[in-house]
Structures are given as structure tokens and as C-alpha cells.
Amino acid sequence: MSTTNYIGKPTSRVDGPAKVTGAATYAAEFQVPNLAYGWVVSSAIAKGRITKVHSEEVLAIPGVLEVFSHENVPSLAWFDRNYKDDVAPGGSPFRPLHEDKIQFNQQPIALVVAETLELARYASSVLRIDYEEEKHETDIEAKRDEGFEPGNGKSGWMPPPPPRGNPDKAWEEAEHRLEHEYVHGAQHHNPMEMFGATVEWRGDKKLTVYDKTQGVVNVQNYLTKIFGLSKDDCRVINHYMGGGFGSGLRPQYSVFLAVLASLELKRSVRVTLTRQQMFSFGHRPHTLQYVKLGTNPDGTLAALQHHALHETSQFEEYTENVVNWSGMLYQCENVKLGYQLAKLDVFTPQDMRAPGAATGSFALEVAMDEMAAAAGIDPIDFRIRNYAEEDQNAGKPFSSKRLRDCYHQGAAKFGWDQRNPQPRSMRKGNRLVGYGMAGGVWDATQKKAAAKATLTADGQLLVSSATADIGTGTYTIMTQIAAETLGLPLEAVTFKLGDTDMPEAPVQGGSWTAASVGSAVKSVCEAIGEKLLKLAQKMEGSPLKGASPDEVEFVNGQIRLRQDPDNAVVIRDVLQASGETKLETDSSATPNMLKQGTHSMHSHNAVFVEVEVDEEFGTVHVTRVLNAVAAGRILNPKTARSQVLGSIVWGISMALMEETIMDHQFGRYMNHNYSEYHIPVQADIHDIEVLFVEEEDDVVNPLGVKGVGEIGLLGVAAAITNAVYHATGKRVRDLPIYLDKLL
Ligand code: MOS
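The rules we used
Residues numbered from 1 in each chain as written. Predicted model: local features only at pLDDT ≥ 70, side-chain atom pairs only at ≥ 80, totals over all residues. Heavy atoms only, no water. Helix = DSSP H or I, 4+ residues; strand = E, 2+ residues; numbered from the N terminus. Rg over C-alpha atoms; globule rule 2.2 N^0.38 Å. Buried < 20%, exposed > 50% of the residue type's maximum accessible area, 1.4 Å probe, protein only. Contact = heavy atoms within 4.5 Å. Phe/Tyr/Trp six-rings, centres within 6.5 Å; stacked < 30°, edge-to-face > 60°. Lys NZ or Arg CZ within 6 Å of the ring centre and 35° of its normal. Pairing = 2+ DSSP bridges. Axes fitted to C-alpha atoms, helices over the stretch in contact; angles between N-to-C directions. Salt bridge = Lys/Arg side-chain N within 4 Å of Asp/Glu carboxyl O. Expected span 1.5 Å × (residues − 1). Arc of directions from axis to C-beta. pLDDT = per-residue confidence, 0-100. Parallel < 35°, antiparallel > 145°, perpendicular 65-115°, else oblique. Left-handed = near helix turned anticlockwise from the far one by under 90°. Nonpolar A, V, L, I, M, F, W, Y, C, P; charged D, E, K, R; others polar. Core = buried A, V, L, I, M, F, W, Y, C linked by side-chain atoms within 4.5 Å.

Caption draft 1: Looking closely at the overall build of the chain. Assigned secondary structure in the chain consists of 15 helices and 35 strands. In terms of C-alpha radius of gyration, the chain reaches 27 Å, essentially the compact-globule figure of 27 Å for 743 residues. Each of the three principal axes of the chain carries a C-alpha extent, and together these read 80 × 75 × 50 Å. Residues counted as buried form 62% of the 743 residues belonging to the chain. Considering only residue pairs separated by 6 or more positions, the chain has 80% of its internal contacts joining residues 24 or more positions apart.

Caption draft 2: The packing of aromatic side chains, seen in detail. As enumerated under the stated definition, the model contains 21 aromatic pairs in all. Arranged with centres 5.9 Å apart and planes meeting at 90°, the rings of phenylalanine 94 and phenylalanine 347 form a pair that is edge-to-face. One end of the pair, phenylalanine 94, is in the loop between strand 4 (90-91) and strand 5 (101-102); the other, phenylalanine 347, is in the loop between strand 18 (335-343) and helix 7 (357-375), with 253 residues separating them in the sequence. For phenylalanine 94, a relative accessible area of 10% puts it in the buried group. Aromatic side chains phenylalanine 315 and phenylalanine 347 sit 5.9 Å apart centroid to centroid with 55° between the ring planes, which places their arrangement in the tilted category. Highlighted residues: phenylalanine 315 in the loop between strand 16 (301-312) and strand 17 (316-317) and phenylalanine 347 in the loop between strand 18 and helix 7, separated in sequence by 32 residues. Following the ring pairs from residue to residue traces out a cluster consisting of Phe94, Phe104, Phe315 and Phe347. Over the aromatic face of tryptophan 171 sits the side chain of arginine 177, whose NZ or CZ is 4.6 Å from the ring centroid. The ring of tyrosine 674 carries the charged tip of arginine 275 above its face, separated from the ring centre by 4.2 Å.

Caption draft 3: Structural detail: the sheet that holds strand 28 (residues 568-570). As summarised here, the arrangement of the three strands in space is 26-27-28, forming an open sheet in which the pairing is antiparallel. Two strands in the sheet have a free side with no partner beyond their single neighbour: strand 26 (552-555) and strand 28. Neighbouring strand axes in the sheet, compared pairwise and without regard to direction, differ in orientation by 20° on average. Packed on one face of the sheet, helix 12 (residues 571-578) meets strand 26, strand 27 (558-561) and strand 28 and runs near 70° to strand 28.

Caption draft 4: The arrangement of the pattern of salt bridges in detail. Here the structure, examined in full by the defined rule, presents 35 salt bridges. Salt bridges sharing common partners tie together Arg49, Asp100 and Glu132.

Caption draft 5: Fine view of the environment of alanine 453. Note that alanine 453 resides in strand 23 (residues 449-456). Considered as a pair, alanine 453 and glutamate 584 are 131 residues apart in the sequence and their alpha carbons are 5.6 Å apart.

Caption draft 6: View of helix 9 (residues 403-414). Under the 1.5 Å per step criterion, the end-to-end length of helix 9 is 16 Å for 12 residues, consistent within 8% with the ideal 16 Å. Among the residues of helix 9, Leu403, Cys406, Tyr407, Gly410, Ala411 and Phe414 are the ones counted as buried. An end-on view of helix 9 places all buried positions within 110° of arc, on one side of the element. Its buried side turned inward, helix 9 meets helix 8 (379-385), strand 22 (431-443), strand 30 (602-614), strand 31 (620-630) and strand 34 (687-692).

Caption draft 7: The confidence of the model for the chain, seen in detail. Per-residue confidence for the chain gives a mean pLDDT of 96, with 98% of residues at or over 70. The ipTM, which scores confidence in the relative placement of chains, is 0.96 for this predicted complex, and the corresponding pTM is 0.97.

Caption draft 8: Layout of the pairing of strand 8 (residues 176-184). As paired strands, strand 8 and strand 15 (residues 287-295) are joined by nine bridges and run antiparallel to one another. Across the sheet, histidine 184 pairs through a bridge with threonine 287, a residue of strand 15. Here strand 8 runs beside strand 35 (residues 734-735); their pairing, made up of two bridges, is parallel. Each bridged residue has a counterpart across the sheet, and for valine 183 the counterpart in strand 35 is aspartate 734.

Caption draft 9: Spatial organisation of helix 3 (residues 117-126). Those residues of helix 3 that sit buried are Leu119, Ala120, Ala123 and Ser124. The arc that holds every buried residue of helix 3, seen down its axis, measures 130°, which confines them to one face. Exposed residues on helix 3 whose side chains face more than 90 degrees from its buried face are Glu118 and Ser125. Those residues of helix 3 that are buried are in contact with strand 1 (35-42), helix 2 (55-59), strand 3 (64-69) and strand 6 (108-114).

Caption draft 10: Geometry of the packing of helix 10 (residues 474-486) against helix 11 (residues 513-538). Contact pair helix 10 / helix 11: the axes reach a minimum separation of 9 Å and the direction vectors enclose 30°. The angle between helix 10 and helix 11 places the two elements in the roughly parallel class. The way helix 10 lies across helix 11 gives a crossing that is right-handed. Contacts between helix 10 and helix 11 involve Thr474, Ile477, Met478, Ile481, Ala482, Thr485 and Leu486 from the former and Thr513, Ala514, Val517, Gly518, Val521, Lys522, Cys525, Glu526, Ile528, Gly529 and Leu532 from the latter. Residue composition of the contact of helix 10 with helix 11, by class: 11 nonpolar, five polar and two charged.

Caption draft 11: Local environment of the nonpolar core. Counting residues in each nonpolar core, the largest one holds 94 residues, and the members touching the most others are Leu293, Phe608, Val609, Val611, Leu656 and Ile720. No other element matches the 10 residues that helix 7 contributes to this core. Listed in part, the 55 residues of the second largest apolar core include Leu486, Ala515, Leu575 and Val705.

Caption draft 12: Highlighting the environment of aspartate 405. Looking at the secondary structure, you find aspartate 405 in helix 9. For aspartate 405 and alanine 367, which are 38 residues apart along the polypeptide, the C-alpha to C-alpha distance reads 22 Å.

Caption draft 13: Representation of unusual backbone geometry. For the peptide bond that leads from leucine 735 to proline 736, omega is -5°, which places it in the cis range. Position of proline 736 relative to the elements: it lies in the segment after strand 35. Of note in the backbone geometry, asparagine 556 takes a positive phi value of approximately 50° without being a glycine. Topologically, asparagine 556 is positioned in the loop between strand 26 and strand 27. By relative accessible area, which is 21% here, asparagine 556 ends up partly exposed.

Here you go:
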């Protein structure tokens, strides 16, 4: 017999066939008539002024339609000068082409629009621009003493909690002490799909905007406020995304420029960025972290101090809470957390998968490994001795926390007991073998979201919400939730997303979509279910008469009594008998603050790594990774596993390869291309195992789901660093671990 219990079952992506056959259309692929092409001209200097844009020279080329720059940008742009997008940091957002001022290298300073892409690109290459250069500062080392605490808030910015206990005295008096600096450079977003927007001019200032974004509603709000458009006249669509990872949380300048050109030229315009231009925005900030740990003779933490300083731009205060989780992951009475920014002549950094936590956990978890070694305690035992039973930052219990099981189950499956604690004690031929572990914590968040559902007389259900699928599997899990809630076969359910004509949803980020949109989908399907039940009870001789919604269940295309499953009505018959052609309703889901307000809600993980390091060459091979994750209910183990696999690969990248290198003389990232910005290839990736630890949680949301988009990245780089230490006896505290650091 078939079943309609889909939640928790490994399910292949419902959008998979569209993606692999090319039927999925991405922002820069939409075919619209009479399309013009814009090419972005990027600043060659890091700081200064544009004194002249020699537009007339390229306007003379037949087929070039316009050159937009600060010299001719219309006054309509930036209608609302103070407008910030939904996820903007404090400060004033960058306004492309707004003024002659140059604030970062590769700043977009002009848009050349032409009849063809090739012509636009050629014309932009010969566009002469005169600059007046000023001295720039792009090196955070020069700003070590100029760190300041962020002043302007943004949604998601949580100042570190105030110090507790007596962290300085406790550290001074501790049995074992360490203090070290941990550093990583900038990393840039390199999703497969580059940023781009196709703006369809539908006449009379009516636009359909196909944009690469993690939030169509955010882009619509931004465009309507800035260009003074009504929402009805500015529909934003994003059905598919070739990777987001945080790069598409904020509207990027590509969509601004495309809309500007479309409104001015009164025709459809497409603007796409090059791979090089992808390095002109949205990076994980270069961060300097300082950790001090002290332990008591029994191996419990006496003091924990964690300070971070990272870069931001001159115009916005980007924050990512690097140190906060360090105050909750372990039990410690004496804690001091510090967080500062330094302004550089760079573009504002942007969220990148597990922003702040991925990097904060690198410093904390390497320091924990160092302390375990200094105290002569196994790294897992050391963590268990310091296990936090409640969130000391917030003074609240966790809604659920099965991190201990991540340690135990992960260690058992990995074979941690095979580890000889002595560094340089394990080898295979000329390769030194090391085992390392680390872990982390990420937030389980629910945001308000809405959905709409339509059930038609043929038994087909259509559910929609203006959310996104940035590659995470949203289409699939929402289809599963809807199918299970109404007891319909998966094939009878279609989930649609990524269109501002749909009910509102937040940007897809922060690992909150499964919880937020999932709860809305469940809620709207339950509302359809109640309508169905009422109609079913009106049917002649209905076996469901008098039953309350709690007394029935929706399974296998039927509504039946829980207590007496033989008493059932076929869903398709209900609509037909009622004479209705469809049932339709909207619903939204909001966090239950009564439950959530009294708890601290987080996902956790523990990562176990085996490395082999070539003794002569210093090359590091990550031969095995096991990531044990406790993230509430896993809606779809197949797509969830893929999320964690991707995180592990990215963690390997972060540990060993990935870094954007700034040439401070030019104030420009020099490896701004795929040949020099190193990321792993297939040959760099070996055995990876993902273990989901079962975790029930009825506080986080009605589905009990915490989200898996980000937790998988926590601790991966630290576990690799710790394994490298175990293999070689060399402690590296700055990422990536280039081979010369091991020689
Ligand atoms: Mo994620 S960095 O919140 O897209």
C-alpha cells in the first residue's frame, strides 16, 4: 500500500529534472522582446573621484544606446534616500552611480547599454574615465588599534552579552592558560550562477524583474522605494538560483542598474556581472580573533575570553556576531566577549554561510583543542566536561540540545578510539596521519511567512509562497509538508515560489526557511483540510459527521477517523460532491513567543576529521570527514545530507585553499578569478559521512525543524586544523593552511 507519510523520508528533488534538463530558467536567461544589454564599468582605483567620463566617444559607436554614470543619473533614482534593504547593515547603503566619489576598487561607475551584449562589452572596454586618486587603506593590520564597537543596529545584530564573573582574574589564576590570535583572510562568494537581472519593460513604467536573489520581496521593496514604483508595477521573480550562500540576501547593483536603464530607455534591459565583478561585493570579512582560555585542575573552564575585529566598508557597519556563540557553547562562569569593526576602503562585507559562526568556531575550537592538549585531556572529554546544560548568555534552557550525542555517536562511527593522542604518532608510509575534531552551534530561527493553497476538483494541490530555493531543497521539502498534511500523493502537489505576486516570505537565509515557510505551508494545508472536512461532513451518509479536526487524519488521498480508519471519505469525491471547483485559502505562520521566548533555540554539531600530511611536501589530504548534526527534525534526509556535504566541502576549502588576497598598493583583490581563487575540485574530496542525531523539539516550531543550511559548516575548518596538528605537531592559527606553513 502506498503511504503519504513523506516527512523524514529521503526524497529526490522535485525540481531536479528541470534543473538537469535545462528547463529551469535563471535570471539572466529569460527571453524578452526588444532586449538591450548593459555592461558594468568598474573602477580601476580604490579611492578618489571621477573627474570625467568620456561617454561621447563610445556613444558615437553605432548600436551603443546610452552610457549611464553619475554625470547623467536621473534624479528619480534614490527617491527615498534613507531606504535600506531588509537585511542592510547599519550605515548608508551604497548607491551606484550616485556621485563622483569612489569608495572601493571595482566600484561600478558606469553602465554602457547597447543593442548586443558584445557591443556593450566592447564599448565599456574603450570607455575612458579620468580619476583623481586619493590614498586608500585596505589593510586591517593598519587598523588594529582603530577598532570600534558597531553603533547602528541591523536585524540580526546581537551585541555580545556583557562580561560575567571575573574573566581577567580567573584567567590569571587558572591552572592551564593560553592566549593566541587566530586569523583568516577575506573570502568571496563564488556561486556557479553569477549575478544578473533581466528587466522586462511592460510599458508605462510597468516592470517584471527577473533577478538573482534570495528574496524577491526584499528586492521589490528596494526597487519600489528607490525608483518610486508601485508594487503592482514592479513584479520580481526568481524561480531558480545557481547557489546563494548569502550572496543574494541583499539586492546587488546589477538589479539596480538594469532597472535604472530600463526606466530611462523605456525598454527591456539585461545586466549580468562577470566572474571578476563577483569580487566587487559580498565577502566574508578578513577577521582577527583573540582567544584566552584558562582551566581548573579538573579540566573545567575557569575563564573564556574571545575578541574579534573585522573589516567593514566606509559607509556601512557590517556585523556578524562572531564571538557570541562562544559564551553559550561551553559552561563557564567567567566570560568576556568583545567585538569590533574597522573601516577600510572596501565594499561592505556580506553574510556568507554561517556568517560569524563559521569563523568564530574556527578560533574557539582550535583554542579548545590546544587547551585539551595542554591539560592532557582528550578533546572530546574536554568538551563533555564543559558541556553547557543551559544557554548562559541568555540565562535560558535550550529547547533541545543533543550535542552530547553528536560527540558520542560521531566518535563511535568515526573510530576516534583508534587515535593515539600523541602528535606525529600515526603514519601511513611517508604520510603523517592525524585525527581532529571540533564542533559548533547555530541559531534555530522562525520568521513570519505566508502561503496560499488551492485544491482543485481533480485532486491537485497548488501551494505557493514568495520564498526562494537557493539550492537548499525548498521546492522539495515544501511539497513533502503539503502532501503529508493533506494526505495527497507527492505527484498531486505542486509548490511554487519566487514571485512577488505570491504571499510574502522573508529572504531565504539564516537556515530559517524550513521552519518559517514550512510552518506556513503546514498551516495553510491544515486550513484547506478543515474546509474539506466541513464539506465531507455535508456529504450524504458521511462517516465523518460530528468529527472534530483533531479526530480525523489525511492519509492516502482520504480523510478518515483516527480511531476508526475504515470510516473514510476520498478527498477527490468531497469536492465533486460539493459542486465546488476548488478550495482556496491563505495563511501565515508566526513564531509562538510563549514557547520560544522562554527558550534558547539552536542546532549543534560535532565534526571528526582524518588528514594525511605528506611529510616532505606538506600537502594536506582530508581523507575522512564525519559530521554529526543535531538539528531537530530532518524533513528530508537526502536534501539535508546534501546541505551538510556542501558545507563540509566548503569547510575543506576554508581550511586549505580559500582566500582573497588584497594587493594593498592597488587596494584590489588580485586573485579575482576562478583560476587563482582556489576552491576544491573533485580530487580534493574523499570520504564524507553525515550523521543526523535524532532530536525532538516541540518549542522551535510546529514542525520541530531547526534548519540545516548552515550548521554543517561549523567546526569543519577547526577540525581539519586540529587534525593537522595531531598529524604534524604544528599548530596553525591562520587560514588557509598553505603547505609552506607545515614545512
Ligand atoms: Mo545564508 S549566509 O543566511 O544565505
